[in-house]
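Residue-level structure breakdown
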Amino acid sequence: LKIEKKYFKKVLVLAGIFSVQYFFIFWGISKTTASRSVLLIYLQPFFVLLLSHLLIVGDQINFKKFLGMIIGFCGILPLFILKKDIGANFTTGDFLVLIGAFLWAVNVVYLKSFIQNTSVVAITFYNFLLAVPIFLIGAFIFDPVMLRAFCTPATGALVYQGFATGFGFIAWNFLIKKFQVSVVHSFLFIAPLSGVLLGILLLSEPFTINIFFALILISIGIIITHYSKKTV
């Protein structure tokens, strides 16, 4: 877990962005619907694509990447196309979630600027460690009920979430370190779909024509983004 002082300062900035990012996302979700939130949160790869094009050398937009991202994003739409609220007016919650999605992209691009020379585990550990007091201060200010309602199930859920999130971020940061951020984030389109598929497997929810078309479009988007002709 040893980390150089200059990188520790960068992780402090990272933790600040991380905390504000989640603040906006959860605040926004509380003021809009889940389906609208998912659609807006997963605009994040487009922000990553734009920011990496502007700020990261060698990670520029090309037609293939752009086309793959467009098709992948269209794959999300069939999951929610029958929801009545999809055409509702843009709300305050929608705007807050959109800010959170943009800050998530900023977080990723900033991380890419220095992660090559540091430990992925150390970066993830100190990012979480520094974010904890920020979240606790936010809880005292905005959600004091949460701090008084602790019980065994809630504590167990929190511990589980911590381990699951920690492992996920270590794996994700490793991928960001090794590959272009715009390519890695094309896989984010799998996230809302995987939630639906797990609902089918674990909760016996129906497999609809919408889910089928979402799976096809997301798969095509990823294939287009990654496919390249090999030269002999």
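As shown above, the structure is provided for reference.
Calculation notes
Residues numbered from 1 in each chain as written. Predicted model: local features only at pLDDT ≥ 70, side-chain atom pairs only at ≥ 80, totals over all residues. Heavy atoms only, no water. Axes fitted to C-alpha atoms, helices over the stretch in contact; angles between N-to-C directions. Helix = DSSP H or I, 4+ residues; strand = E, 2+ residues; numbered from the N terminus. Parallel < 35°, antiparallel > 145°, perpendicular 65-115°, else oblique. Left-handed = near helix turned anticlockwise from the far one by under 90°. Contact = heavy atoms within 4.5 Å. Nonpolar A, V, L, I, M, F, W, Y, C, P; charged D, E, K, R; others polar. Polar contact = N/O pair within 3.5 Å; in protein donor to acceptor, adjacent residues only side chain to side chain. Core = buried A, V, L, I, M, F, W, Y, C linked by side-chain atoms within 4.5 Å. Buried < 20%, exposed > 50% of the residue type's maximum accessible area, 1.4 Å probe, protein only.

Taken N-terminus to C-terminus, the directions of helix α1 (residues 5–29) and helix α7 (residues 120–142) make an angle of 45 degrees; their axes are 8 Å apart at the nearest point. The orientation of α1 relative to α7 falls into the category oblique. α1 and α7 meet at a crossing whose hand is right-handed. Residues F8, V11, L12, L14, A15, G16, F18, S19, Y22 and F23 of α1 form the contact with α7, whose own contacting residues are I123, Y126, N127, F128, L130, A131, I134, F135 and F142. For the contact of α1 with α7, the per-class residue count stands at 16 nonpolar, three polar and no charged.

Once that is clear, we can look at the environment of S30. Position of S30 among the secondary structure elements: in the loop between α1 and α2 (34–41). Considering only alpha carbons, one finds S30 and D94, 64 residues apart in sequence, at a separation of 9.9 Å. At a separation of 2.5 Å, a polar atom in the side chain of S30 contacts the main-chain carbonyl oxygen of W27.

Next up on the list: the nonpolar core. Core analysis: the largest hydrophobic core is formed by 28 residues, its most contacted members being V11, L111, F114 and I123. Sort the elements by how many residues they give to this core and helix α6 (residues 92–112) lands first, with six residues. Apart from the residues lying within four places of it in its own chain, the contact partners of F114 are Y7, K10, V11, L14 and I123.

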